[in-house]
Number of protein chains: 2
Amino acid sequence: MSNLKIDAARLWGSLMETAQIGGTPDGGIARLTLSEDDSRVRHWLRAQCDALGMTMVVDEAGNMFATRPGRRPDLPPIAMGSHLDTQPTGGKFDGVLGVLAGLEVLRTLDEAGFQSEAPLMLVNWTNEEGSRFSPAMLGSGIWAGVYSRDYGDSRTDAGGDSFGASLDRIGWRGEAEAGSVRFGAMFELHIEQGPILEAEGRQIGVVQGVQGMRWFDLGLTGTAAHTGSTPMNLRRNALVGMAQVIGGIDRIARSHKDAVGTIGFLEVSPNSHNVIPGEVRATIDLRHPDDAVLDRMEQEVAALVAEAAQANGLGHRLVPISRTAPVAFDPECIAAVRAGAKAAGLSTRDMISGAGHDAVHAAAVAPTTMIFVPCKGGLSHNPAESTLLEECAAGAQVLLEAVLDYDRRKAERRAEVAA
Amino acid sequence: MSNLKIDAARLWGSLMETAQIGGTPDGGIARLTLSEDDSRVRHWLRAQCDALGMTMVVDEAGNMFATRPGRRPDLPPIAMGSHLDTQPTGGKFDGVLGVLAGLEVLRTLDEAGFQSEAPLMLVNWTNEEGSRFSPAMLGSGIWAGVYSRDYGDSRTDAGGDSFGASLDRIGWRGEAEAGSVRFGAMFELHIEQGPILEAEGRQIGVVQGVQGMRWFDLGLTGTAAHTGSTPMNLRRNALVGMAQVIGGIDRIARSHKDAVGTIGFLEVSPNSHNVIPGEVRATIDLRHPDDAVLDRMEQEVAALVAEAAQANGLGHRLVPISRTAPVAFDPECIAAVRAGAKAAGLSTRDMISGAGHDAVHAAAVAPTTMIFVPCKGGLSHNPAESTLLEECAAGAQVLLEAVLDYDRRKAERRAEVAA
């Protein structure tokens, strides 16, 4: 326990101040990555770090790393951060909270004259959202070596602008090679983007990892025919087959603890009131923290699709389109978050992130974990996204406690080893 | 039995000749009602009737009636006909066959110097398809008094042109008041637009009537949320509810003999790979020859929707959008078709029309029935629509036999009454 208290009003003030940069009349933020507004909020962040006497390095993917020295320059920095870019119809908290809470932790330490053992670092990752340039988490992915700089630069938006040219244009291409800036651990505070904490009345989500995800394209093909003159026994109705699959995926997901399974996208052809659907296309989204369970779910879905196709005389085509492995966060980082929440007197719940985050790429390089705070109705990627001042403050306080707890333990361990 | 034989090659020649008027490269016809091509095919038909010495009257809805005198001018005419307009991607047989087979019957009688008791009449109804001006079967509807002339004239197409102005522009507004031309019976030969005759290897469908039809708009409303971070037990997935309804409607239709039930149109919102469907809209199409059964089906569907909504925590909205009562065709006309098929040595199957036809409006005014011939794969409203020369000829032969059979019986009956 640190006896240090973050300043809730100051944190909220920074959230509301930066929400004006790209702010929309409905209370949301439209601050697409590498836009002029993204550049403005980056300048704002640099100015805040300068005011704290921190040293900032920007890498060739535009990722920003500001460092505050610790007592022991031999220790690798402990990082906090997330992203300042938003969806086109984004809210005020997704990503932004993780960066500004990190800044608030550093301001609190600065004010108290507190010195950590390891250096502390604040990170703003480029293009987490992926809504302007696909894929999402591009900046942290380049940093982690998952994508090359050339691949990143070549990504284009809907208007044909490339990531590389846009980064150059707004002046945030740094000199540091991607991956040359490293840290010893990372803590990412984020809104849950789901309804669990709110539903269970818990204040802090202690995130254990990120679900593995498998996406499939499914096409079912029957025969388009007149709804009036085609008797039931002579039909090959692709939508009736798809209905079996929709219901079956829901049942499969419910039959595996912690699994989710969804068809979110569906397209009927010819989609006319009086024509039996001849073809239906859909996307299947399966997620679970354990790859072995995902394997079983995938088998069950394949059997379900074959059965629904056969029962309705349909052709079927099930094609994997995307696959990410589950990520387990670092046990010591998780322990630090748990200890931090306890120190702050806040209720917790262990959870798994259903969405991807920069922490996924960070976890491949360094010990990493995340801290979740509730968001109203589980809503995100929406101007109505809402997390209360006290909830943001609670998250920032846990971030502070967790980072200092981790710092203390690591320094003690080093001391023991040295002794 | 008449000993008269229609000329299959001549009928086929007329079908192929008129198929050039609005013909498309893929072998279909795009001859929208009241287009220049519609006018051209009308001129072609008038010339053929003139060549047979028939008298043509055109009414104010553009419906064409050509009469061939019989031996007994006191008897009302017996009509044959259908429509010459097509869908934008229509085939060569839907509607056209009924008019040209009637013409072929008249040519056959003319060649043989055969005189019927009652006058015979050939009819071409305006705008059966309803694809340019809604509703379908507009010309026969105005003729039957279901719609007023003003209502018909005011219908507009997608480009804002009105039915009335288009009718005037192509010069086919007739002087006869709608409904002033009447007949004593009508026989409409048509392709089945369904797969039954082909599947059962029967040559002639003896049509008993037309199904009643009820259409409903269905909206289910849940909560759009992240597919990854929203656990199964906290979801309100509108598509899972709709899947229950889709499967349930299929089951309800199969549980009632001769019923069909379909969802052909379905729209998911927001329809994104990683968002749980918050709202789904669909159209339900129920058909059966008996209104009492339709009442029961409607009740079962309402219960199904309520149950699916409740099981998934959804709001629901089930709104009737269209309703047509079943039509039973005239027993004497049906008997004449049966006798005609027997005389022609063709296999038959009693059937109910699943689609609407001009015969529905005609049946409200005069004894009416229809004759169906097979179409390949049940396909219609499609350039690939296909009925063989022999099948067209079989239908035309039955039309001839049925009309003459009906004529003979009616004349005999009159003679008995007079005696």
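It should be emphasised that the depicted structure is a prediction, and the values quoted were computed from it without experimental measurement. (Residues numbered from 1 in each chain as written. Chains lettered and ligands numbered in written order. Predicted model: local features only at pLDDT ≥ 70, side-chain atom pairs only at ≥ 80, totals over all residues. Heavy atoms only, no water.)

Asker: Mind showing me how you'd approach the packing of helix α8 (residues 238-255) of chain B against helix α9 (residues 291-311) of chain B here?
Answerer: Packed helices, taken two at a time, are described by the angle between their axes plus the distance between the axes. Residue and element names in this part refer to chain B. At their nearest, the axes of α8 and α9 sit 9 Å apart, and the two run at 155° to each other. By the angle between their directions, the pair α8 and α9 is classed as roughly antiparallel. When the axes of α8 and α9 are compared, the crossing they make is right-handed. Contacts between α8 and α9 involve G241, Q244, V245, G248, I249, I252, A253 and S255 from the former and M297, E300, V301, L304, V305, A308 and A311 from the latter. Classifying every residue of the contact of α8 with α9 by side-chain character gives 10 nonpolar, four polar and one charged. (Axes fitted to C-alpha atoms, helices over the stretch in contact; angles between N-to-C directions. Helix = DSSP H or I, 4+ residues; strand = E, 2+ residues; numbered from the N terminus. Parallel < 35°, antiparallel > 145°, perpendicular 65-115°, else oblique. Left-handed = near helix turned anticlockwise from the far one by under 90°. Contact = heavy atoms within 4.5 Å. Nonpolar A, V, L, I, M, F, W, Y, C, P; charged D, E, K, R; others polar.)

Asker: It is not clear to me how the sheet that holds strand β9 (residues 260-269) of chain B should be interpreted in this structure. Could you clarify?
Answerer: Across a sheet, paired strands are connected by hydrogen bonds in the backbone, their directions being either parallel or antiparallel. Residues and elements named next belong to chain B. With respect to topology, four strands assemble into an open sheet ordered β9-β11-β7-β12, the strand pairing being antiparallel. The open sheet has two edge strands with one neighbour each: β9 and β12 (315-324). Each strand of the sheet is rotated relative to its neighbour by a mean of 15°, with strand direction disregarded. In this structure, β9 lies alongside strand β11 (residues 279-288), joined through nine bridges in antiparallel fashion. (Pairing = 2+ DSSP bridges.)

Asker: Could you clarify how one ought to interpret the side chain of H357(A) in this entry?
Answerer: All names here are of chain A. One can find H357 in the loop between β14 (348-353) and α11 (358-363). Looking at H357, the relative accessible area reads 0%, which means it is buried. Once you skip the residues sitting within four places of it in the chain, H357 turns out to touch E128, M137, E188, H190, Q193, M370 and F372. (Buried < 20%, exposed > 50% of the residue type's maximum accessible area, 1.4 Å probe, protein only.)

Asker: What am I meant to see in the pattern of salt bridges here?
Answerer: Going through the model one piece at a time under the given rule, you end up with 58 salt bridges over all chains. Between D285(A) and R287(A) there is a salt bridge, and its shortest N-O distance comes to 2.9 Å. Each member of the pair, D285(A) together with R287(A), is buried. Where D157(B) meets R132(B), a salt bridge forms, and the shortest distance between an N and an O atom there is 2.9 Å. Of this pair, D157(B) sits in the loop between α5 (149-154) and α6 (163-169) while R132(B) sits in the loop between β4 (120-125) and α4 (138-143), and the two are 25 residues apart along the sequence. (Salt bridge = Lys/Arg side-chain N within 4 Å of Asp/Glu carboxyl O.)

Asker: Quick question: what am I supposed to make of the relation of the copies chain A and chain B here?
Answerer: One copy of the chain maps onto the second through a rotation about an axis and a displacement along it. Taken as rigid bodies, chain A and chain B are interconverted by a rotation of 179° and an axial shift of 0.0 Å, the fit giving an RMSD of 0.1 Å. When the rotation and shift are considered jointly, the pair of chain copies conforms to a two-fold rotation axis. For chain A, the minimum C-alpha distance to the rotation axis belongs to A243(A) and amounts to 2.2 Å. When the interface residues of chain A are mapped onto chain B, 98% of them again fall at the interface, so both copies present the same face. (Least-squares fit on C-alpha atoms with pLDDT ≥ 70 in both.)

Honestly, that's just the spatial picture; any functional story needs more than this.
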